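Examining the three-dimensional arrangement
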Amino acid sequence: MILRLIVENFASFKDAVEFNTFPSSKSQSHNNHKVKCGHATVLRLGAIYGANGAGKSNLLSALGLLCQLVRQESLQKVSIGDDITFKFDSKCANTPSGIALEYCYNNNVFYYHIEFYKDRIVLEELFLSKTNRDELLLKHDENGLYISKDCFSNGYNDQFADGLSRLVRSDMLALSFVGRLYANEFPAIANAYAWFVNKLRIVLPDATTGFIPHFLDTDNEFKKLVNATIKEMNTGISQLNVKIDPIDEDAIKQNSYLSAAISAAKQYPGMPQPLFGLKRGDIANVVFMNGQLVLKTLVALHVDASGTETEVPIYLESDGTRRIIEYMPLLYTITQENSVYVVDEIERSIHPILIKAIVRKLSEMSGTMGQLIFTTHESALLDQNIFRPDEIWFAQKDIEQATQLYPLSDFNVHKTANIENGYLNGRYGAIPFLSNLKDLNW
């Protein structure tokens, strides 16, 4: 679970700005949205609104960059560019950018903070957050690498610590290096690292997945959820099925998309490999199972008025229907495990009624274990029957063109108030400012 995200001198963020998922004392509705995480209590839903260019996506980009850096282990392996700093203050060009994240994993609350400038890490810190104090686990800066003596599973070793410090370069993330290669020696650090790899999922507007066919074929509970939900969405699809075809390697040597997926499938037997580029809009994967390579392709069944079933390839379905299908793993995973999904433009290509039905379903489900945070322009979701006021955030630029964030709970909102109308009428800010269109002869 994410507790808070802090961004500084990154894109449209100048000074440190915080987004958090802490419940407000002003909000008393939807108690099932509150989740206990270690010593903290957090909310499992978060929606971020704002005009185009207000900085909503920049917040998610910062989180995505942090996740990518941790997974890739080095600034050298990630394309950051020289233009990520705040552009409306010349002093920011020569100042490090900072991203900090507080999150909970296995009932431990971690606070991870990095500051970076061009191709080097200026400061990296990992804390174990406790009720009354924070315990420093790791620190990496120009003076080298420090690891708390309490982190050593086999007792502190001065020579080992010094050797690690020499191995971690200025462009490297110590959390990744230590957490990946020395998990047994430093279990607390490995635990903090594992959350980025296993539990954080960031979904961008053009993101696609090729894993659905395999999971639909092998996981009956997932299949039940998918087919029950797809009927509720009234897309015209009665059921999703998986078409399984053996792969003849000799016949597809010229297909670069298949060749890459086949190589990966052989390297990781039983693991589905996404297949992109075979047909635009198709959802398929390659799996090496039981000593055989197979292509699993998602197909949709439609039933006409006479009851006749017709199989339709997914690439012939609408963008909105495919987007709904892409959300199926999100819905299933959030209900089953404490994963975090962060989605940019959750409503893209989906009708307002459908996206509202999806989000309402997550809001009403009891026992949901995961967390969903998303950006959106869809005002139909501004409904107190779905969200608590402290789960709705707004992004707006100030006079310096810097993004500021604030929750709806900062306002005195009655529990019966129509917050959609209030937002569209400008009561909470974070809407586009339009000049007089009559001046443009509209």
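Here, the structure is the one placed above.
The paragraphs below set out a description of the structure included in this document.

Conventions used here
Residues numbered from 1 in each chain as written. Predicted model: local features only at pLDDT ≥ 70, side-chain atom pairs only at ≥ 80, totals over all residues. Heavy atoms only, no water. Disulfide = S-S within 2.5 Å. Salt bridge = Lys/Arg side-chain N within 4 Å of Asp/Glu carboxyl O. Helix = DSSP H or I, 4+ residues; strand = E, 2+ residues; numbered from the N terminus. Buried < 20%, exposed > 50% of the residue type's maximum accessible area, 1.4 Å probe, protein only. Core = buried A, V, L, I, M, F, W, Y, C linked by side-chain atoms within 4.5 Å. Contact = heavy atoms within 4.5 Å. Expected span 1.5 Å × (residues − 1). Polar contact = N/O pair within 3.5 Å; in protein donor to acceptor, adjacent residues only side chain to side chain.

Our next topic: the state of the cysteines. Throughout this description, disulfide means a covalent bond between two cysteine sulfur atoms. Going through the model one piece at a time under the given rule, you end up with 0 disulfides. Between Cys104, a free cysteine, and Cys37, which holds the nearest cysteine sulfur, the sulfur-to-sulfur gap is 4.0 Å.

Here we take up the pattern of salt bridges. Pairs can form between side chains of opposite charge whenever their charged atoms are close. Applying the stated criterion across every chain yields a total of 18 salt bridges. Across the pair Asp217 and Lys296 runs a salt bridge whose closest N-O atoms are separated by 2.7 Å. Of this pair, Asp217 sits in helix H5 (residues 212–218) while Lys296 sits in strand S15 (residues 292–303), and the two are 79 residues apart along the sequence. Relative accessible area serves as the criterion here: at 33%, Asp217 is assigned to the partly exposed category. Classification of Lys296 by relative accessible area gives buried; the value is 1%.

Bringing the nonpolar core into the picture now. Tyr112, Leu126 and Phe196 are the most contacted members of the largest nonpolar core, which totals 63 residues. Among the elements that take part in this core, helix H1 (residues 56–72) stands out by supplying 9 residues, more than any other. With near-sequence residues (within four places) excluded, Tyr112 lies in contact with Leu66, Val70, Ile99, Ala100, Leu101, Tyr103, Glu124, Glu125, Leu126, Leu173, Leu175 and Phe196.

Residue pairs spaced three or four apart in an α-helix point in one direction, given the helix's 3.6 residues per turn. If you check helix H6 (residues 220–232), its first and last C-alpha atoms are 19 Å apart, about what 13 residues at 1.5 Å a residue would give, namely 18 Å. Among all positions in H6, only Phe222, Leu225, Val226, Asn227, Thr229 and Ile230 are buried. The inward-facing, buried residues of H6 abut H5, strand S12 (239–246), helix H8 (319–326), helix H9 (328–336) and helix H10 (352–364). Near the N-terminus of H6, the side chain that reaches the backbone nitrogen of Glu221, with its oxygen 3.1 Å away, is that of Asp219. Positioned one or two residues after H6, Asn234 has a phi angle of 55°, which is positive.

All we've got here are geometric facts, nothing functional implied.
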